[in-house]
Amino acid sequence: MKFSEVTGQEKIIERLRQAVTSQRVSHALMLAGPEGNGKLALALAFAQFVSCENRTDTDSCGICPSCSKYEKLIHPDLHFVYPVFKKSKTTDPVSEHFITEWRTMVHKTPWFSLSQWLSHIGVENEQGLIYASEAAEIIKKLNLKSYESDYKIMIIWLPEKMHNVTANKLLKMIEEPPEKTIFLLVSEEPDLILPTIMSRCQFIRVPAIEREALSAALSAKYDLPSLKADTIARSSRGNFVKAMNLVEQDDERVKNLSRFIGLMRLAYMRDVVALSDWVEEVAGAGREAQKRFLNFSLLQIRENLVMNISTGMPDILNMAPDEAEFAAKFNRFITPSNAPDIAGELTAAHYHISSNGNARIILFDLALKLARLLRAV
Ligand SMILES: [Zn+2]
């Protein structure tokens, strides 16, 4: 990863560049700050910059043999430590066991949260930790001679999750570092790290991403209109992870609204041929997406009913503008006499899909029942 690919954080990047160009690179550096601000991206770009064989004053080249191995996260002098979990009672977990998953995750985007990482490696209801067993692994890796670069670099993601045994070993390594070794600690909760480790690190506080930079990055990544990108950048408060979640949730909401409108229109018109096409499309979406669609539809039915029995637009409505636009025309079809049955059918479909029923049959049956209920006003 090059500095130019890091979203925002120009001041921090400048500081990191200067440390290298003036040859004042600390052997232990801590980048600390809130989730989603790009600390890990900065650490990766910095490590690549330090090791680049052909860097300019401002960035790594991205194409020399060192950079190309850094881009693939397979450089033999680049080491990672991160929270993992115990797959079985007998294994002593270390980061190396999860290196394939780690590379996939970081390649996709280095802006991710601990919970996203844990779910990526299949952890449910468990905490990720850097176990005591990692200590020996760290020592083994750093006692190796550097293979190809001047420096060996160890990036420790979330050192606050480190077992005390490992933290104490790490402290010794930081106090008497093997030659030409750089530790990059990337922390969200530096207060939880041993003060003795903290005091040995050069500390760089990385703030949340500037709103303009985040907005521009969202526009580019998702091809969003600038007003929408700006709104999301604002509500995610400089957290790129949160911003990406908001974009993806909104994508799904828009898709669900369009499916809901399609279903209601076609069911009302009793257009069985078009309903079959609708069923085909939704049946291909996957079980979890179907369940979320049915939940979304239930909420829309509720909002339309509230609109129907109220006068004007009451404050209790929770609709997005595009939902309200459809509801303005549609709410007269959802009344106290048919709403309970419609809600019942949606709930039943959700139950049957959760129980692994055939989605095509369940959804088509739902569509036919709605065709009857929507006219029973
Ligand atoms: Zn290079």
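Please refer to the structure higher up on the page.
Being a predicted model, the structure only gives us computed values, none of them experimental.

*Asks:* Quick one: what's the story with helix H13 (residues 287-309), residue by residue and with numbers?
*Replies:* Taking 1.5 Å as the rise per residue, H13 with 23 residues should run 33 Å; its terminal C-alpha atoms sit 33 Å apart, in good agreement. Within H13, burial applies to Gln290, Phe293, Leu294, Ser297, Gln300, Ile301, Asn304, Leu305 and Met307. As for H13, its buried residues are in contact with helix H11 (240-269), helix H12 (272-283), helix H14 (321-330), helix H15 (339-354) and helix H16 (359-374).

*Asks:* Can you tell me about the sheet that holds strand E5 (residues 202-205), naming the residues and giving the values?
*Replies:* Read across the sheet, five strands follow the order E2-E3-E4-E1-E5 without closing on themselves; strand pairing throughout is parallel. The outermost strands of the open sheet, each flanked by one partner alone, are strand E2 (78-81) and E5. For this sheet, the mean inter-axis angle between neighbouring strands, taken without regard to orientation, is 20 degrees. Two elements, strand E1 (residues 28-32) and strand E4 (residues 181-187), share five bridges in a ladder whose sense is parallel. For Leu31, the partnering residue across the bridge sits in E4 and is Val186. Sitting on the sheet, helix H2 (residues 39-51) is in contact with E1, E2, strand E3 (152-157) and E4, with an inclination near 165 degrees to E4.

*Asks:* So what's going on with the nonpolar core? Which residues, and what values?
*Replies:* Judged by nonpolar contacts, the single largest core of 65 residues is most densely connected at Leu42, Ala43, Ala47, Ile155, Leu184 and Val186. At ten residues, H2 tops the list of elements feeding residues into this core. Residue contributions to this core reach at least three from each of two domains, namely domain 1 (3-207) and domain 2 (210-238). Excluding anything up to four places from it in sequence, Leu184 contacts Leu29, Leu31, Ala43, Phe46, Ala47, Ile153, Ile155 and Ile156. Listed in part, the 29 residues of the second largest apolar core include Leu257, Ala267, Leu373 and Leu374.

Calculation notes
- Residues numbered from 1 in each chain as written.
- Predicted model: local features only at pLDDT ≥ 70, side-chain atom pairs only at ≥ 80, totals over all residues.
- Helix = DSSP H or I, 4+ residues; strand = E, 2+ residues; numbered from the N terminus.
- Expected span 1.5 Å × (residues − 1).
- Buried ≥ 20, exposed ≤ 12 C-beta atoms within 10 Å, placed from the backbone.
- Contact = placed C-beta atoms within 7 Å.
- Pairing = 2+ DSSP bridges.
- Axes fitted to C-alpha atoms, helices over the stretch in contact; angles between N-to-C directions.
- Core = buried A, V, L, I, M, F, W, Y, C linked by C-beta atoms within 7 Å.
- Domains from an automatic or database assignment.

Keep in mind these numbers describe shape, not what the thing actually does.
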